[in-house]
Amino acid sequence: MNSYMPLNENLSYISSPPEYCDNCGAKMQHDVYQLFLIKGTSKIQEFIKSPIYQYVCRYCGSTSYETKKYRGKLTNNFYSESGYRVRLYPPIIPQSIPPPNEDMSTECRSIYNEAAQVFELSPRASAALMRLCLQQFFKDQGEKGKNINEEIKELVKTGIPTFLQKYMDACRVIGNNAVHPIELNLNENKELAEALFPSMNIIVEKLVSEPRRAKELYNKLPDGAKDAIGKRDAAIIEAERRERSFPHQKDDQGHEIKVAPSSQPSEQ
């Protein structure tokens, strides 16, 4: 009986350039093994090279399998291919589903990728996983990651844009209906489950990626400019504090009474 096996000879220490793992989502080098077909009996065996390659992620240890139109070659100690790669396992993610935002945690990307891989087989399972992805995102941001509804409510109190709240609630409700179907049949409304992927990316973009890029740019400013900005902001905060301490009052004719701030130091 014929069978396939990875043959480590000449390929056991070859790595692919760093790329995202199809299983865990981490950007990591993969060890590459070419599979050989074993033909013959237990006494007489013949090893035949196959066009199938096994990739082993150095981060999570999981495997994926691909075939290539042409054989690969060594270039600067990296394994590269002159043809195109065709993934065999895990399942190919539909082109309509975007890759996860790079600012997601490894765990969040892993759940995102899993949801993308099962989308064609089960939109309901995919939507349920995307709800879990949102839950993991909250946990990554320091929340408890247990009650999504309560955590969305707390974020609304901080003044997040309304459209982000709607994306989050859509993910929560659609994901809930995947597990406890009430009004939505996701197998008949695949577009709802598919819409959760770009929605999740937008949530991460607005709450993580944009603040990170703004901070990186701000940190490149000269120290003198940052000190001046700090003093300006402190003056604004102090003016707002005084405004709250001495609200506008009106006399009997409706004219505003100007109240000078007290020269006494305020209590700490």
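Residues numbered from 1 in each chain as written. Predicted model: local features only at pLDDT ≥ 70, side-chain atom pairs only at ≥ 80, totals over all residues. Heavy atoms only, no water.

## Focus: the overall build of the chain
- When you go through the chain residue by residue, the secondary structure sums to six helices and eleven strands.
- The burial tally for the chain puts 32% of its 268 residues in the buried class.
- Within the chain, counting contacts between residues at least 6 apart in sequence, those at least 24 apart form 51% of the total. (Helix = DSSP H or I, 4+ residues; strand = E, 2+ residues; numbered from the N terminus. Buried < 20%, exposed > 50% of the residue type's maximum accessible area, 1.4 Å probe, protein only. Contact = heavy atoms within 4.5 Å.)

## Brief notes about a nonpolar patch on the surface
- A contiguous nonpolar patch, built from Val86, Leu88, Tyr89 and Ile92 and spanning about 380 Å² of accessible area, is present on the exposed surface.
- In this structure, leucine 88 sits in strand E9 (residues 85–89). (Patch = residues over 30% accessible without salt bridge, like charges linked within 9 Å, V, L, I, M, F, W, Y side chains within 5 Å. Areas by Shrake-Rupley, 256 points an atom, 1.4 Å probe, with all protein chains shown as cover. Salt bridge = Lys/Arg side-chain N within 4 Å of Asp/Glu carboxyl O.)

## Some details on the nonpolar core
- Of all hydrophobic cores here, the largest spans 32 residues; its most connected members are Met130, Leu134, Phe137 and Met200.
- Residue assignment for this core shows that the elements contributing at least two residues are helix H1 (106–118), helix H2 (123–140), helix H3 (148–157), helix H4 (162–179) and helix H5 (190–218).
- In this view, methionine 200 contacts Met104, Cys108, Tyr112, Met130, Cys133, Leu134 and Phe137; residues no more than four positions away in its chain are not counted. (Core = buried A, V, L, I, M, F, W, Y, C linked by side-chain atoms within 4.5 Å.)

## Considering H5
- Taking 1.5 Å of rise per residue, the 29 residues of H5 would be expected to cover 42 Å, and the 42 Å separating its terminal C-alpha atoms lies within 8% of that figure.
- Residue glutamate 205 marks the point of greatest curvature in H5, where the axis turns by about 45°.
- When we look at burial in H5, the residues that qualify are Ala193, Leu196, Phe197, Ser199, Met200, Asn201, Ile203, Val204, Val208 and Ser209.
- Taken together, the buried residues of H5 touch H1, H2 and H4. (Expected span 1.5 Å × (residues − 1). Bend = angle between axes of the 7 residues up to and from the residue.)

## Quick notes on the pattern of salt bridges
- A complete count under the given rule lists 13 salt bridges for this structure.
- The shortest N-O distance in the salt bridge between aspartate 103 and arginine 212 comes to 3.0 Å. Linking aspartate 103 in the loop between E9 and H1 with arginine 212 in helix H5, this pair joins segments that are 109 residues apart in sequence.
- According to the relative accessible area criterion, aspartate 103 is partly exposed, its value standing at 25%.

## Overview of the packing of H2 against H3
- Here H2 crosses H3 at 50°, and the two axes come no closer than 11 Å. On the basis of the axis angle, H2 is oblique to H3. Considering how the two elements wind past one another, H2 and H3 form a crossing that is left-handed. Of H3, the residues touching H2 (which contributes Arg131, Leu134, Gln135 and Phe138) are Ile148, Glu151, Ile152 and Leu155.
- Among the residues forming the contact of H2 with H3, the class breakdown is five nonpolar, one polar and two charged. (Axes fitted to C-alpha atoms, helices over the stretch in contact; angles between N-to-C directions. Parallel < 35°, antiparallel > 145°, perpendicular 65-115°, else oblique. Left-handed = near helix turned anticlockwise from the far one by under 90°. Nonpolar A, V, L, I, M, F, W, Y, C, P; charged D, E, K, R; others polar.)

## Section: the environment of alanine 128
- Positionally, alanine 128 belongs in helix H2.
- A relative accessible area of 24% means that alanine 128 is categorised as partly exposed.
- Along the chain, alanine 128 and asparagine 177 lie 49 residues apart, while their C-alpha atoms are 8.2 Å from each other.
- Among all residues touching alanine 128, those that are not within four sequence positions of it are Gly175, Ala178 and Val179.

## Quick look at the packing of H4 against H5
- At a minimum axis separation of 9 Å, H4 and H5 run at an interaxial angle of 140°. Considered as vectors, H4 and H5 are oriented oblique to each other. Along this stretch, H4 crosses H5, giving a crossing that reads as left-handed. Residues Phe163, Leu164, Tyr167, Met168, Ala170, Cys171 and Ile174 of H4 lie in contact with H5, whose contacting residues are Leu192, Leu196, Ser199, Ile202, Ile203, Lys206 and Leu207.

## Let's talk about the state of the cysteines
- Here the structure, examined in full by the defined rule, presents zero disulfides.
- Lacking any disulfide linkage, cysteine 57 is separated from the closest cysteine sulfur, that of cysteine 21, by 3.8 Å.
- Residue cysteine 57 is classed as buried on the basis of its relative accessible area of 3%.
- Looking at the unpaired cysteine 108, the closest cysteine sulfur is the one in cysteine 133, lying at 3.5 Å.
- Accessibility expressed as a relative area gives 0% for cysteine 108, which makes it buried. (Disulfide = S-S within 2.5 Å.)

## Focus: H2
- Helix length check: H2, at 18 residues, gives a terminal C-alpha distance of 25 Å against a target of 26 Å (1.5 Å per residue), a fit within 8%.
- Of all the positions in H2, only Pro123, Ser126, Ala127, Leu129, Met130, Cys133, Leu134, Gln135, Gln136, Phe137 and Phe138 are classed as buried.
- The elements touched by buried residues of H2 are H1, H3, H4 and H5.

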